[in-house]
Structures are given as C-alpha cells and as structure tokens.
Amino acid sequence: MDRRLFLASTLCAGLSPDIAWGAQTDSPLKQLAAAKGVRYGTSTGTHALFGDAGYAAIVAREAAMLVSEYQGKRAQLQPAPDRYDFAALDAIVAYAQRHGMAMRGHTLCWYATNPPWLDVQMKSDLPIAAKRKLLTDYVAKVAGRYRGRIAEWDVVNEAIEPADGWPLGMRTRNNIWAVLSERYIDMAFHTARAADPSAALFLNEFGIEAATSWNERKRHALLLLLSRLKQRGVPIDGLGIQAHLRPYKDKFDQEVFATFLRQVTDMGLRISITEMDFSDRGGSNDPRQRDIDMAAAAKAFLDVALDNPATRTVMTWGVTDRYSWLTSRFASDPWPNGGVARALPYDANLRPKPMRTAIAQAFLDAPARPRWRRGAA
Ligand code: XIL
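Residues numbered from 1 in each chain as written. Predicted model: local features only at pLDDT ≥ 70, side-chain atom pairs only at ≥ 80, totals over all residues. Heavy atoms only, no water.

## Digging into the overall build of the protein chain
Item 1. On a plain count of helices and strands, the protein chain comes out with 15 helices and nine strands.
Item 2. Against the globule reference of 21 Å for 377 residues, the protein chain gives a C-alpha radius of gyration of 20 Å, in line with a compact fold.
Item 3. Once the C-alpha set of the protein chain is aligned to its principal axes, its extents read approximately 65 × 45 × 45 Å.
Item 4. Restricting the contact set of the protein chain to residue pairs at least 6 apart, pairs at least 24 apart contribute 79%.
Item 5. Carbon and sulfur atoms provide 53% of the accessible area of the protein chain, an area that totals close to 15000 Å².
Item 6. If you average the places of the 49 positive and of the 40 negative side-chain charges in the protein chain, the two averages end up 4 Å apart. (Helix = DSSP H or I, 4+ residues; strand = E, 2+ residues; numbered from the N terminus. Rg over C-alpha atoms; globule rule 2.2 N^0.38 Å. Contact = heavy atoms within 4.5 Å. Areas by Shrake-Rupley, 256 points an atom, 1.4 Å probe, with all protein chains shown as cover. Lys, Arg positive; Asp, Glu negative; His and termini not counted. Charge placed at Lys NZ, Arg CZ, Asp CG, Glu CD.)

This is how it looks when you write it as structure tokens:
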C-alpha cells in the first residue's frame, strides 16, 4: 500500500465505522453529489430492487441515477435473432422515472455477454453488410427504444486489450473485431447518436486507474484510440472509467491518475466513474481494518476524480456487499473469512460502512462544477 493511501488509512483508522467525518456526511449521497454538480448512483437488478425492501430503501435514499448491472446486456435483451425481451430493463427504467432518477445505459456493444446465436452468425458466411447490420440494428433498436430516457450510454465496452497483440493495443480476439475491425466503434457511436441524440455517448473501460505498468499500457492505448475517434469525427461525449479497484494489489498514485484525466478532458471529453468498487482481497483478516483501508482508497480515488471539473457522474457497481458481483465472480477463490467481498458503501446487513462516509466526504470536499453542455467537457 503506497504512502498516501497509508496516510489516508491512518486518518481513517481513528474513526469507528459509525463516527462520520461530520454530521453532513449523513445526508444522502445523491444530495451531497448534486451540490457539486455531480450525479451519484448505482447499478441494480430487478431481483433485489423489487424483492428486497431494505435494499430498495437504500437505493431510493442514496441514488440519483441507476444502471442495469446485467439485464441491459444483449444476452438478456435479445435471446434469439427474432426475439427481444425488454421486460426487466423496462422495469428498471420505469422505477427510475417514478423516483426521479436518471438512467445510464449499459452496454450497447461488448465482446462479452452476447447470446450464442450472435457468435454463430458473426462467424458464419453471411455477407459483411449483413453482419454489420447485426451490430447497427441492435444499437438502433435498443437506443431508439429508450430515446430520451437514458442520460448516458456505454456505447462500446472494453475495447482495449494490449495482451491481444494488436500494435495499437486494441481488443481484437473477438467476432466483432474479426468482421468489422476498429470501425465497429464508429458504427456503434454513429448509430447510437442517430437513435437518441439526447443521450451522452461513452466509451467504457477498466484497468486504467492504477499506477501499474499494465494499467499504463492500457491508458496509452486508450488515449491513442480516443484521439483517432475524435479525428474521425466519431460522436463520442465521454470516457467511462469502470474503477474496479484492487487497493491491496495495485498501487494507486493520485498524480498519475490526475494526469490521465487531464489528457482525456483536454480532448473535450467528460468523465463518468461507471462501476466503482474496491476489492478487499489481500487485506488483513480483520474485516474492520479492511473496511477502513477500502474507505481510504475510495477517498484517495474520488478526491482525484472529483477534482477534475469534467467528472459528472459517479456510479458504484452495487451499493451493498449483499449483492456485489465480486463475490460471485470469484466464487472459485473464496473471500477472506469465507465471507463476501467488502467492496461497497454498505455491508451485507445493509449497514453503512466507513466507505460510505468516505464517499460522502469526497463529495463534500469536491469543487462545484457548472452544468454540462455537449461540446464543452
Ligand atoms: C457484470 C455483472 O456484474 C454480472 O452480474 C454479469 O453476470 C456480468 O457482467 N465490467 C463491466 C460490467 O462492464 O458489465 C460487468 O458486469 C463487470 C465488469
């Protein structure tokens, strides 16, 4: 753990989880964020949102924005070539509208979580024009369906993968790239813009936050891609930074991350933190200490993200450890104490953790920013 993080953690160490940094931090996160021109929200799913009243109460109190964790992906929305199933996503969008919340859309084009039939057709001897339509028809249908109701779309997710060996670090070992090459990104963004001119359009990426050589390689490839997209006139409004952070494994350097954010916003792009969580794997056996360490990591990260005036959205990937994807994602490698990942602001018993206080304090400490207009980051 680097020195800054250690210092922040030491600062937090004096706090018991139930002593806030100041009474103000008890205010709803959405309220503290909105005071600085930022939207705070969380991913969610219909099972918990409509089946767990205690969880739903936290979402309603804390979030100004929702994004579907898994029910907005193509495998869920288009299980067969001629069959769409929007019921779950419609329910989440309707819930958001009833509660005065905004929506993020996730995600229109991803190499993963596609229905099997799509991979079959992309690998078939269909003409390229037909395969291109498989991409653009889907983007048009989904973005068109929610026209005016999605504030931000993750149009393309995880386009960078230097390990695939492509000179420019692109993710190439998938059926979309095999057929359409890099121009799949252009097609997706142009189609999304035409389908919903009101939505802000994002490229979403992970592994670009930490001061590791691997994250540096990804940042470099991503900045080159963003520059090419801007040069080609691709209608991209912002970069989504997933922020699945691993504080015990990956060194985080505030200057490195701040410099990267400036390089992105100097291109006229805005920033959304889209899937923030803090994996406590690798920490002490004392869950209270891990909670304090993760809170310090959250504060160190958000201080930098929110210091940049182009950061307008902060989403956690869930709001309680009761439903963290990290627990199921790494089920083969159980979490310490045989428990769950302690990666989110509330624990599995729906109690606020030091991380919630840290996120609240980060919003309190953040500079205010003017309302966003397209074209001005
Ligand atoms: C994950 C969800 O959390 C899981 O529930 C689902 O089964 C698979 O997708 N980066 C992303 C998200 O962009 O879409 C992934 O979400 C987590 C990693």
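## Some remarks on the site of the ligand
Item 1. Lining the immediate surroundings of the ligand are Glu69, Tyr70, Lys73, His106, Trp110, Asn157, Glu158, Gln242, His244, Glu275, Trp317 and Trp325.
Item 2. At 3.1 Å from a nitrogen atom of the ligand is found a side-chain nitrogen or oxygen belonging to Gln242.
Item 3. When the ligand sits alone it has 420 Å² of accessible area, and the protein chains cover 78% of it.
Item 4. Given that more than half its atoms are within 2 Å of the pocket grid, the ligand belongs to the largest pocket. (Near = heavy atom within 4 Å. Polar contact = N/O pair within 3.5 Å; in protein donor to acceptor, adjacent residues only side chain to side chain. 1 Å grid on protein atoms, 1.4 Å probe; cavity = no way out; pocket = protein on both sides within 12 Å on 5 of 7 lines; lining within 4 Å. Sits in = over half its atoms within 2 Å of the grid points.)

## Some words on helix H8 (residues 128-145)
Item 1. Taking 1.5 Å per residue as the helical rise, H8 with its 18 residues ought to reach 26 Å, and the 26 Å between its terminal C-alpha atoms agrees with that figure.
Item 2. Here H8 has its buried residues at Lys131, Leu134, Leu135, Thr136, Tyr138, Val139, Val142 and Ala143.
Item 3. Contact partners of the buried residues in H8: helix H5 (74-77), strand E3 (102-110), helix H7 (116-122), strand E4 (152-157), helix H9 (175-180) and helix H10 (183-195). (Expected span 1.5 Å × (residues − 1). Buried < 20%, exposed > 50% of the residue type's maximum accessible area, 1.4 Å probe, protein only.)

## Looking at empty space enclosed by the protein
Item 1. By the definition in use, this model includes four cavities of 30 Å³ or more.
Item 2. Approximately 80 Å³ is the volume found for the largest cavity.
Item 3. Around the largest cavity, the lining comprises ten residues; the ones closest to its centre are Leu245, Arg246, Pro247, Asp250 and Phe252. (Points joined across faces, edges and corners; volume = space filled by probe spheres on them.)

## Digging into the pattern of salt bridges
When the charged atoms of two side chains lie near each other, side chains of opposite charge can form a pair.
Item 1. Here the structure, examined in full by the defined rule, presents 22 salt bridges.
Item 2. In this structure, Glu62 and Arg61 form a salt bridge, with 3.6 Å as the shortest nitrogen-oxygen distance.
Item 3. Between Arg145 and Asp90 there is a salt bridge whose closest N-O contact spans 2.6 Å. With Arg145 in helix H8 and Asp90 in helix H6 (residues 87-98), the pair connects residues that are 55 residues apart, well separated along the chain.
Item 4. Here the salt bridges share partners, and the residues they tie into one network are Arg104, Glu152, Asp154 and Arg270. (Salt bridge = Lys/Arg side-chain N within 4 Å of Asp/Glu carboxyl O.)

## Notes on the environment of Gly233
Item 1. Tracing the backbone through its elements, the reader meets Gly233 in the loop between helix H11 (213-231) and strand E6 (238-241).
Item 2. Spatially, the C-alpha atom of Gly233 lies 8.7 Å from that of Asp186, the residues being 47 residues apart in sequence.

## Looking at the pairing of strand E2 (residues 65-68)
Item 1. Residues Met65 and Val67 of E2 are buried on one face, and the alternating residues Leu66 and Ser68, pointing to the opposite face, are buried as well.
Item 2. The pairing of strand E1 (residues 39-44) with E2 spans four bridges and is parallel. When the sheet's bridge partners are listed, Thr44 is paired in E2 with Ser68.
Item 3. As paired elements, E2 and E3 share three bridges and run parallel to each other. From the neighbouring strand, Met65 faces E3, where its bridge partner is Ala102. (Pairing = 2+ DSSP bridges.)

## Looking at the nonpolar core
Item 1. Core analysis: the biggest nonpolar cluster contains 98 residues, and Trp153, Val156, Tyr184, Leu203, Phe260, Phe301 and Phe363 have the highest contact counts within it.
Item 2. Per-element accounting of this core gives the leading share, nine residues, to helix H13 (residues 287-307).
Item 3. When sequence neighbours within four positions are dropped, the list of residues in contact with Phe363 reads Leu29, Leu32, Ala33, Lys36, Val38, Tyr40, Leu306 and Val314. (Core = buried A, V, L, I, M, F, W, Y, C linked by side-chain atoms within 4.5 Å.)

## Regarding the packing of H13 against helix H15 (residues 354-365)
Item 1. Where H13 contacts H15, the two axes come as close as 8 Å, and the packing angle between them is 20 degrees. By the angle class used here, H13 and H15 are roughly parallel. Of the two elements, H13 crosses H15, and the hand of that crossing is right-handed. When H13 is examined against H15, the residues Asp291, Ile292, Met294, Ala295, Ala298, Lys299, Leu302, Asp303 and Leu306 are found in contact with a partner set consisting of Pro354, Met355, Ala358, Ile359, Gln361, Ala362, Phe363 and Asp365.
Item 2. Tallied by class, the residues present in the contact of H13 with H15 amount to twelve nonpolar, one polar and four charged. (Axes fitted to C-alpha atoms, helices over the stretch in contact; angles between N-to-C directions. Parallel < 35°, antiparallel > 145°, perpendicular 65-115°, else oblique. Left-handed = near helix turned anticlockwise from the far one by under 90°. Nonpolar A, V, L, I, M, F, W, Y, C, P; charged D, E, K, R; others polar.)

## Regarding the confidence of the model for the protein chain
Item 1. When the pLDDT values of the protein chain are averaged, the result is 93; 91% of them are 70 or greater.
Item 2. Every residue in residues 1-21 is under pLDDT 50, and counting partners more than four places away or in other chains gives 36 contacts. (pLDDT = per-residue confidence, 0-100.)

## Some words on the side chain of Thr42
Item 1. On the secondary structure map, Thr42 appears in strand E1.
Item 2. For Thr42, the side chain forms a polar contact with the main-chain oxygen of Thr316, separated by 3.5 Å.
Item 3. There is a polar contact of 3.3 Å between the side chain of Thr42 and the backbone oxygen of Gly318.
Item 4. Apart from residues no more than four positions distant in its own chain, Thr42 is found in contact with Val59, Ala63, Met65, Leu66, Val67, Met315, Thr316, Gly318 and Val319.

## Details of the pairing of strand E9 (residues 311-316)
Item 1. Here E9 lies mainly inside the structure; six of its six residues are buried.
Item 2. Here four bridges tie E1 to E9, and the two strands are oriented parallel to one another. Note on E9: the bridge partner recorded for Arg39 is Thr313.
Item 3. Here four bridges tie strand E8 (residues 270-278) to E9, and the two strands are oriented parallel to one another. Considered in E9, the bridge of Ser272 is made with Thr313.
Item 4. Taking the sense of rotation as the criterion, the β-α-β connection linking E8, H13 and E9 turns out right-handed. (Right-handed = clockwise from strand over helix to strand, strands pointing away.)

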